[in-house]
Amino acid sequence: MELKVRDLKPNSRWFTITVKVLKLNEEKTVLSRKDGNQHRVAEALVGDETGTILMSLWDDDIDKVKDLVGSTIKLQNGFVSLYRGSMRLGLGRFGSIEEAEEDINEVNETVNVSERRFESRGPSRYRRSRF
C-alpha cells in the first residue's frame with residue numbers, strides 16, 4: 001500500500017512511501033538494550049507534497065541515505081513508531097530503501113507530522129476488580 005506523509009499515523013505498518021531526503025542530521029553512537037552492542041543512529045528529514053517527517057536511520061541505512069540527500073527515495077515495508085510522543089518513520093528488518101524512479105520536485109515543509117505530539121500508551125495491564 002503506497003502512502004503519503006499526511007496519511008501516516010502512529011503504529012502504521014508495512015507500507016510503501018516515496019519521499020525526498022531534505023537533510024541528514026549528525027549521527028550518534030548508542031548502546032542497544034536489545035543486543036548490548038553499539039550502533040550508529042541518525043535522523044533524516046524527509047517529505048513529499050503533503051508534509052515532512054523525521055526518519056530514524058540505523059547503521060548501514062545511514063550510509064545509504066547520506067549519498068541521497070536531495071534525492072527522492074522509495075521506502076518499502078516502512079513503519080511509524082513514537083519516540084517521546086513524536087512520530088518517526090522507520091525501516092524494520094524487512095524494509096528497504098532505494099532511489100525512486102520519479103522525482104519529487106516540491107515538498108510541503110510547512111507541515112511536519114513529527115511535530116504533532118501523541119500520548120505513548122504502554123501495554124495494557126489487567127486490573128483486578130475490587131468487588
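Residues numbered from 1 in each chain as written. Predicted model: local features only at pLDDT ≥ 70, side-chain atom pairs only at ≥ 80, totals over all residues. Heavy atoms only, no water.

A. Spotlight on the environment of D48. Looking at the element boundaries, D48 is found in strand β4 (residues 38–48). The exposure class assigned to D48 is buried, which follows from its relative accessible area of 0%. Residues D48 and L68, spaced 20 residues apart in sequence, show a C-alpha to C-alpha distance of 15 Å. Not counting chain neighbours up to four residues away, the residues in contact with D48 comprise K4, V5, T18, I104, E106, V107 and N108. (Helix = DSSP H or I, 4+ residues; strand = E, 2+ residues; numbered from the N terminus. Buried < 20%, exposed > 50% of the residue type's maximum accessible area, 1.4 Å probe, protein only. Contact = heavy atoms within 4.5 Å.)

B. Expanded view of unusual backbone geometry. Positive phi, normally seen in glycine, also occurs at W14, with a value near 55 degrees. Overall, W14 belongs to the exposed group, its relative accessible area being 52%. A positive phi is found at R84, a non-glycine position, where the angle reads about 55 degrees. Position of R84 relative to the elements: it lies in the loop between β6 (72–83) and β7 (86–99). Judged by relative accessible area, which is 71%, R84 ranks as exposed.

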